[in-house]
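Commentary on secondary and tertiary structure
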Amino acid sequence: MRVLLQAGDPVTRPTMWRIGPIGEVLFYYLATVTIAVFLWGVYERFNHYTDGSDDWFERLDNLGGRVRTATKIVITNEKQFDRDMVGGLMHSFIMWGFLTLLIGTTILGIDMDILEKGGKLLTGQSYSIFKGDFYLSYSFVMDFMGLLFVVGVGIALYRRYAVRKERLWGPNSSLEDDFFIWSLFLLGVGGFVQEGIRILAASPRSGAQFSSFPQFETVSFVGWFVADVMHTLGITPEMALFLYPISWWSHALLAFGFIASIPYAKPFHMISSFANVVTRDEKAGKRLPGIPADLDADTGAESIDDFSWKEKLDQDACTKCGRCTSVCPASESGRPLSPRDVLLDLKNYRERVESGGEEKTIVGDADDAVISAETMESCMGCMACMDACPVEIEHLKTFTRLNRQLTDDGELQPGVQDVFQNLMQKGNTFGDSQRNRGDWAADLEFDITDARTQEVEYLWYVGDYPSYDERNKQVARSLAKLFEAADVSFGILFDDEKYDGNDIRRLGEELLYVELAGHHVETWDECEFEKIVCTDPHSYNTFKNEYPEVNFAEFADDPMMPFDYESFWNQDGEIDVLHWTQAVEEMVRTGALGLDGTELDYTVTYHDPCHLGRYNDEYEAPRELIRATGCTLHEMPRNRNESFCCGGGGGGLWMEHEEEAKPSEERLREALEDTDAGSAVEKFVVACPMCLTMYEDGRKTGGFEDAIEILDIAELLLEAVESKRVMEPSTTTDSAPADD
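Residues numbered from 1 in each chain as written. Predicted model: local features only at pLDDT ≥ 70, side-chain atom pairs only at ≥ 80, totals over all residues. Heavy atoms only, no water.

The next thing to look at is the packing of helix H11 (residues 309–317) against helix H14 (residues 339–354). The contact between H11 and H14 brings their axes to 9 Å, and the two run at 105 degrees. Classified by the interaxial angle, the pair formed by H11 and H14 is roughly perpendicular. Every residue of H14 that contacts H11 at Lys312, Gln315 and Asp316 is listed here: Leu343, Leu346, Lys347 and Arg350. (Axes fitted to C-alpha atoms, helices over the stretch in contact; angles between N-to-C directions. Helix = DSSP H or I, 4+ residues; strand = E, 2+ residues; numbered from the N terminus. Parallel < 35°, antiparallel > 145°, perpendicular 65-115°, else oblique. Contact = heavy atoms within 4.5 Å.)

The element strand S4 (residues 456–461) is extensively covered by neighbouring structure, given that 5 of its 6 residues are classed as buried. As paired elements, S4 and strand S6 (residues 529–534) share 5 bridges and run parallel to each other. The partner of Leu459 across the bridge, within S6, is Ile532. Of the strand pairs in this sheet, S4 and strand S5 (residues 490–492) are connected by 2 bridges, and their pairing is parallel. When the sheet's bridge partners are listed, Tyr458 is paired in S5 with Phe490. (Buried < 20%, exposed > 50% of the residue type's maximum accessible area, 1.4 Å probe, protein only. Pairing = 2+ DSSP bridges.)

This part covers the sheet that holds strand S8 (residues 603–606). Here we have 4 strands laid out as an open sheet, ordered S9-S8-S10-S11, and parallel in their pairing. In this open sheet, the two strands that pair with only one neighbour each are strand S9 (632–633) and strand S11 (709–712). In this structure, S8 lies alongside S9, joined through 2 bridges in parallel fashion. Bridge pairing in S9 links Val604 to Leu633. Packing of helix H27 (residues 689–701) onto the sheet brings it into contact with strand S10 (683–686) and S11, and relative to S11 it is tilted by some 175 degrees.

With that settled, the discussion passes to the state of the cysteines. As enumerated under the stated definition, the model contains 0 disulfides in all. Of all cysteine sulfurs, the one in Cys691 lies closest to Cys646, which takes part in no disulfide; the gap is 3.9 Å. According to the relative accessible area criterion, Cys646 is buried, its value standing at 3%. Free of any disulfide, Cys691 has its nearest neighbouring cysteine sulfur in Cys688, separated by 3.8 Å. Exposure remark for Cys691: the relative accessible area of 4% places this residue in the buried category. (Disulfide = S-S within 2.5 Å.)

Core analysis: the biggest nonpolar cluster contains 94 residues, and Trp440, Trp460, Ile504 and Val584 have the highest contact counts within it. Those residues within four positions of Ile504 in sequence are excluded, and the remaining contacts are Val419, Phe420, Leu423, Tyr499, Glu509, Leu512, Tyr513, Leu516 and Trp654. The next biggest cluster of nonpolar side chains, apart from the first, holds 37 residues, and it includes Ile94, Leu184, Ile197 and Leu200. (Core = buried A, V, L, I, M, F, W, Y, C linked by side-chain atoms within 4.5 Å.)

Attention shifts here to the environment of Val584. Structurally, the position occupied by Val584 is in helix H24 (residues 580–589). For the pair Val584 and Pro622, spaced 38 residues apart in sequence, the C-alpha separation works out to 9.3 Å. Val584 has contacts with Leu479, Phe483, Leu593, Leu625 and Leu717, leaving out every residue within four places of it along the chain.

At a minimum axis separation of 8 Å, H24 and helix H25 (residues 620–628) run at an interaxial angle of 45 degrees. Put simply, H24 runs oblique to H25. The handedness of the crossing between H24 and H25 comes out as left-handed. Mapping the contact onto sequence places Trp580, Thr581, Gln582, Val584, Glu585 and Val588 in H24 and Ala621, Pro622, Glu624, Leu625 and Ala628 in H25. A per-class count over the contact of H24 with H25 returns 7 nonpolar, 2 polar and 2 charged. (Left-handed = near helix turned anticlockwise from the far one by under 90°. Nonpolar A, V, L, I, M, F, W, Y, C, P; charged D, E, K, R; others polar.)

Before going further, it helps to spend a moment on the packing of aromatic side chains. Throughout the structure, instances matching the rule amount to 34 aromatic pairs. With a centroid separation of 4.8 Å and an interplanar angle of 85 degrees, the aromatic rings of Tyr461 and Phe543 are classed as edge-to-face. Highlighted residues: Tyr461 in strand S4 and Phe543 in helix H23 (residues 537–546), separated in sequence by 82 residues. Residue classification places Phe543 among the buried residues on the basis of a relative accessible area of 0%. Through a chain of ring-to-ring contacts, the aromatic side chains of Phe27, Tyr28, Trp248, Trp249 and Phe256 assemble into a single cluster. A cation over a ring is seen here: Arg638 above Phe644, with NZ or CZ 4.3 Å from the ring centre. (Phe/Tyr/Trp six-rings, centres within 6.5 Å; stacked < 30°, edge-to-face > 60°. Lys NZ or Arg CZ within 6 Å of the ring centre and 35° of its normal.)

This part is about the confidence of the model for the chain. Residues with a pLDDT of 70 or more make up 89% of the chain, whose mean pLDDT is 89. Per-residue pLDDT stays below 50 along residues 559–567; that stretch engages in 15 contacts with residues further than four places along the chain or on separate chains. Ignoring residues within four places in sequence, the model shows residues 731–740, a span with pLDDT below 50, making 0 contacts including any to other chains. (pLDDT = per-residue confidence, 0-100.)

It is worth spelling out a nonpolar patch on the surface at this point. Together, Ile75, Trp96, Leu99, Leu102, Ile103, Ile107, Ile129 and Phe134 make up a nonpolar patch on the protein surface, roughly 640 Å² of accessible area in all. If one sorts the elements of the nonpolar patch by residue count, helix H5 (residues 85–123) sits on top with 5 residues. Tracing the backbone shows Ile103 in helix H5. The exposure class assigned to Ile103 is exposed, which follows from its relative accessible area of 52%. (Patch = residues over 30% accessible without salt bridge, like charges linked within 9 Å, V, L, I, M, F, W, Y side chains within 5 Å. Areas by Shrake-Rupley, 256 points an atom, 1.4 Å probe, with all protein chains shown as cover. Salt bridge = Lys/Arg side-chain N within 4 Å of Asp/Glu carboxyl O.)

Take the pattern of salt bridges next. Under the definition given, this model contains 54 salt bridges. Lys310 serves as the salt-bridge partner of Asp314, at 2.7 Å between the closest nitrogen and oxygen. Here the residue Asp314 and the residue Lys310 both occupy positions in helix H11, the gap between them amounting to 4 residues, near one helical turn. Residue Glu546 pairs with Arg506 through a salt bridge whose shortest N-O separation is 3.2 Å. Of the two residues, Glu546 sits in helix H23 while Arg506 sits in helix H21 (residues 502–506), which places them 40 residues apart along the sequence. One exposure class covers both Glu546 and Arg506, and it is buried. Taken together, the shared-partner salt bridges in this structure form one network comprising Asp281, Arg287, Lys310, Asp314, Glu394, Lys397 and Glu549.

Looking now at a negative patch on the surface. A contiguous patch of negative charge, built from Asp305, Glu358, Glu359, Asp367 and Asp368, is present on the exposed surface. Structurally, Asp367 is set in the loop between strand S1 (363–364) and strand S2 (371–372). Taking the relative accessible area as the measure of exposure, Asp367 reaches 84% and is therefore exposed. (Lys, Arg positive; Asp, Glu negative; His and termini not counted. Charge placed at Lys NZ, Arg CZ, Asp CG, Glu CD.)

This is the structure in structure tokens:
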């Protein structure tokens, strides 16, 4: 018997219409099974993360604050919009639409099962709110957000299959990716088709004009449009009545299948990615995980079980969006590294082992290794992958674990082995004598204070390259002259300064790093100073973020660590560390260098070093110094957090790679070919000794020697200071009164 909505009927619509009692029982049975399968799958996944480990409790500290922050990040989609406006809008439409439809379905279930049926069962009266103004508002919002959802999924389908956006495809693409996107599309479109059939079926007579549709249903503007199209195509209300149960069950079964699959396939990222954002480490990457003194096996990657719960969650949270790989300088240079595929290869291997598959070498030169040694050697440690990831995956922690395994196995390039040997024997990466470490200052017209014997304001950590590399020695002398010109108290450690340990740690050599850290902390503890200032952003990062995290007490019985570290750290567990640009920017701001910003007339571009920019969010101090010289600063297309690594980080300075183009050459080409510069860029300015080395090399190998000059900001700034002094009129007289 047909159920028709006549004039004067209440503003609502029937639920479970034409399903029948048996259909309702079957529906609730399938719904119960679906929810049980879903909950069990989620429980199993999260139980696996926590099994055998308790450090996950640390990530739940301040859980309320973490959830609030994660909710803001997810709801605003702020990282989705980064570098990809269309992708951000697409994901926002899908996510907001999906959440709205989920909430709307939940509201309908509460109304139908609790307020209506529950009310009738307990009191004999329905308390349904699914009528009148609430129904009209509900219908409009659901149609509007449902339309956004379908549009978002449509954009995703277009980018994936029509445009075939490169970063969306890879060796780990699979049928589950197709299932995920097409399920969403069919759920969204199927819901509107079902709604259109219902509106058409509710018409009071066969062949009715559109005015005969229930007029209040115009708020369901998409459903009304679908009904209109169906009627135009010749579908009658009688036909719609027949089709309605078919469309209803099709939609319900697809929804059940999708929900049940969530814990077992790609849709799980909807849960795992939020959990990943909640449990993220805000210092991940810039602060690598330490190792215990007893060298527990789980510091490397001998077995998939060695990976921490957070590293496994990272693998499961990956959405295969490819953003990390698309910004990876190693990948762009033709090296065999895709940050996305490293995580997905580990995930796939883990799932095979958990299903009874054969175990094999995880990382190394073995032909069947899950991750090749060459892949990990390609990583520059620039953290671009982490910066681009919309779900806060901590790639560098996994990469460090893999590198530690390579180091433990001795699978290192000869250049890296030489560096390790130099450090163990000489304390520096060049293998030169420590007695020569301060020789770069011999040509200065003033003496540099020995911070070991005299109190200073700034303890200056010069670093290996400014101490031993001829090109970088010029930078060290320029910086020393700037300190002297600003009349600040500064000193160095001379032969007690050793390599900071940053890049060897990223190559997996943890114990040598701890030994170097111990040496410096002991030496600093015997000096009197207010702040440490670093030439190299790598030193700045490791002193600021990593040295305070070393638990030297664990190594108290180690013969390499016979030191006492009782009271070095301040109350916040940190030391006051500055990159030299931060220290000198303050000197410029206070007028200590006497600059007024009119001294030089060059057009320059500036390269953001990874360890100063992405690692520590310092972008403005170097730019303020450049502006203080009077130069015109032209920003490269990729700047600040989108800066492209020079190629020297992560030990790249000491390795040989087969690559299509050196990252340094690509970066210089970018600076020279940028047509928005207005005028030709004359100088390529850096603030990192490693960058200076890599770009001087790239200038030669790329054939750019006559096209552009490579300078450190310190050299540019010193030129401005000296130009200022030359231009200032003399305030003294060269002649003296004649004798009587």
